[in-house]
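Residue-level structure breakdown
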Amino acid sequence: MSLGPLGRVWQDVAVWRWPCLVLICLCLGLTPIACQGLYDWQPRGAQAVAERLVTLETKGSLRSAGKLEMRFGGAVGLVDPRLSVNGVVAPLHEEPVDEQALDGDRYLLAAVQQPGDRAAITIELHTAQGASPVVWTLIDRGPNAAADEERDEETR
Amino acid sequence: MPRTAEESDAGSRALSWQRRWFDVHSWIGLKLSILMSFILVTGTIAVFSYEIDWLLNPEMRAFSEVDARPASWGTLYDSATAAYPDGELRFLQVPHGTWWASQATLVDPAGGLMRIWLHPQTARYQGATRWFNVQRFLRQAHRHLMLPTRVGIVLVSLLALPLLLSLITGLITYKRFWRGWWKWPRFDRAPRIWLGDLHRWLGLWAAWFVLLIGLTSVWYLVEVSGGSAPAFPNPAPVATREAALPQGFDGAALDRAVAMAQAQAPDLKIMRISLPGQPAAPVSVFGQRSALLVRPRANAIHVDPLTLTVMGEYRGEQLSVHQRLSEMADPLHFGTWGGLASRLVRFVFGLALSALSITGIYIYGLRVLKRSRHPRWPQTVTAR
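Residues numbered from 1 in each chain as written. Chains lettered and ligands numbered in written order. Predicted model: local features only at pLDDT ≥ 70, side-chain atom pairs only at ≥ 80, totals over all residues. Heavy atoms only, no water.

1. Here's the deal with helix α11 (residues 321-334) of chain B
Residues and elements named next belong to chain B. Quick note on the threshold: The secondary structure listing takes helices from DSSP runs of H or I that are at least 4 residues long and strands from runs of E that are at least 2 residues long, numbered from the N terminus. Given a helix with a known number of residues, its expected span is that number minus one, times 1.5 Å. Only protein chains enter the area calculation, which uses a 1.4 Å probe; residues under 20% of their type maximum are buried, those over 50% are exposed, and those in between are partly exposed.
When the terminal C-alpha atoms of α11 are compared, their 20 Å separation across 14 residues agrees well with the 20 Å that a helix rising 1.5 Å per residue should span. Listed as buried for α11 are Q323, S326, E327, A329, D330, P331, H333 and F334. Where α11 ends, the next residue or the one after it, G335, has phi of about 75°, a positive value.

Written out as structure tokens, the structure is:
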């Protein structure tokens, strides 16, 4: 079979074409994730189907000095949620938690962290049987986050 | 006069070196061609990515009204907060161009970033678009292939090294290249000839641009490898307050804060206002002053939103060489330093650079195809 010029190039780039194509496909494949705002590879978003006890765990590092915030979304049927930062239990609520009370609420996880500090955050959510999936998100809200976002604003 | 044996030896040695440089040039251009072309093409289109979004989203368009003055920052603030009372307003910025709406960026109750579009003169709310748009797609695809930035930026900016090497080897292998600037490609000849002419001609005209893109990309590699510039000077601590913004903070208060900043720096052309996301942060006013080749964030005035006093200021000229280099990289790489004119130049040369990569691949294909069809061709020519 005779090949055209591009066919010959394709043949000659043999082992190089696959890593390059994988990278490009990864890039295009990750676009829908970026589109949903689950991007920037900070420790965001985890999902679990709740049974009697759900334990979500993550490790993250702050991009800049500041506070780490957690937001619950879609949490239904939660009872006695507990959370710990670097092994120290942090109360989520001072008052008893009602079912669905966490939906959309925000909580401070760690007061002040230094850039690069790592926080191992564990959240235990005791849920009512048959409860809906729990989605949680970590948001970095350092004073330099504004500058980061501004830098992100630029076209490159 | 016939050449001596010594001259002939020196000639063939030079030819052999040139041949080796040429092999390096083709090898780089060929093996990395797929990825390189993708990066070059996305980077070129990204120059006008804002405009593509402008065409796609009517909310982003705004046409000036006769004799109308620009709305104050406070009016824009009030309009944005009235449209999204539950949102956390983070930025306000001047329109991108004459026919553009002003943009406010806010964090919605679900934690996502949104763009709010407001008429720059009436401050009327025109609509909202999501944070992720064509500009974000092109930026993220070009800058780090949508991968984690630690990995993606390294991978992409590493391509600067073969790019620069291609430039050097290309110039070395092009004999008396300085004569080639005015050598119009011979489009009436066979594809391999005219494509080769075009490749060399574009390469010569775009050499400065290849150097610029290569060097700024190397700088990004330095930054991601730990050589990023130190942070800007911090403002003095602001008065204690409980929330990100003081109770009752509104557009009028923002106007007073902006007036304080403007009184402190009358020459500051305000481009962007950053609103505090937490109680310890000030309202920051950014823009352009006299420093050349810096982003708006290189000139800042910080104002305490509670006491409305200036808590800190810095300007481009006060930044260290390291910070200035860091500030300079983006305007040069994006071509934004001279407005629309420089972006047009950036786009045209971006096209030329993309064409260099693509024509290079095609020429290689034609050459190997010819060699495979006429395996003894070089010897036949020599025999003649």
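2. Here's the deal with the confidence of the model for chain B
All names here are of chain B. Stated formally: The quantity known as pLDDT measures the predictor's confidence residue by residue, on a range of 0 to 100. The contact criterion used throughout is that any non-hydrogen atoms of two residues lie within 4.5 Å.
For chain B, per-residue confidence averages 89 on the pLDDT scale, and residues scoring 70 or more make up 92% of the total. When pLDDT is averaged over each helix and strand of chain B, the minimum, 38, is found for helix α13 (residues 377-383) and the maximum, 96, for helix α10 (residues 251-264). When the criterion is pLDDT under 50, residues 377-384 qualifies, and its contacts beyond four places in sequence or with other chains add up to 0 contacts. If you check the scores for this complex, the pTM reads 0.74 and the ipTM reads 0.74.

3. Comments concerning the state of the cysteines
All names here are of chain A. Inclusion rule: Criterion for a disulfide: a pair of cysteine sulfur atoms within 2.5 Å.
Counting across every chain of the model gives 0 disulfides over all chains. Here C20 is not cross-linked by a disulfide; its sulfur's nearest cysteine counterpart is in C25, at 11 Å. With a relative accessible area of 5%, C20 lands in the buried category. Summary of cysteine pairing: C25 is not part of a disulfide, and the nearest cysteine sulfur, belonging to C27, is at 9.5 Å.

4. Here we look at the nonpolar core
What counts is decided by this rule: As used here, the term nonpolar core means buried Ala, Val, Leu, Ile, Met, Phe, Trp, Tyr and Cys residues forming a set that is joined through side-chain atoms within 4.5 Å.
If you look at the biggest cluster of nonpolar residues, it comprises 33 residues, and the most contacted ones within it are L35(B), F38(B), L145(B), M146(B) and L353(B). In terms of residues, this core owes the most to one element, helix α2 (residues 14-35) of chain A, which gives 6 residues. Residues in contact with F38(B), not counting those within four places in the same chain, are I24(A), C27(A), L28(A), A141(B) and L145(B). Among the nonpolar cores identified, the runner-up in size contains 29 residues, and A71(B), A104(B), A257(B) and L268(B) belong to it.

5. Concerning unusual backbone geometry
As a rule of thumb, non-glycine residues mostly have phi less than zero, and peptide bonds are mostly trans rather than cis. The phi dihedral of M146(B) is positive, around 65°, even though this residue is not glycine. Position of M146(B) relative to the elements: it lies in the loop between α5 (134-144) and α6 (149-158).

6. Describing the packing of aromatic side chains
Residues and elements named next belong to chain B. Let me state the cut-off plainly: Centre distance within 6.5 Å is the pairing criterion for rings of Phe, Tyr and Trp, where only the six-membered ring of Trp is used; planes under 30 degrees apart are then read as stacked, over 60 as edge-to-face, and the remainder as tilted. Criterion for a charge above a ring: Lys NZ or Arg CZ within 6 Å of the ring centre, and within 35 degrees of the ring normal.
A complete count under the given rule lists 18 aromatic pairs over all chains for this structure. With a centroid separation of 6.0 Å and 75° between ring planes, the pair formed by W184 and F187 is classed as edge-to-face. Judged by relative accessible area, W184 falls into the exposed class, the value being 59%. Chaining the aromatic ring pairs together yields one cluster made of W182, W184, F187, W194, W201 and W205. A cation sits over an aromatic face here: R61 above W54, 5.6 Å from the ring centre. One Lys or Arg, R200, reaches over the ring of Y174 and ends 5.9 Å from the middle of that ring.

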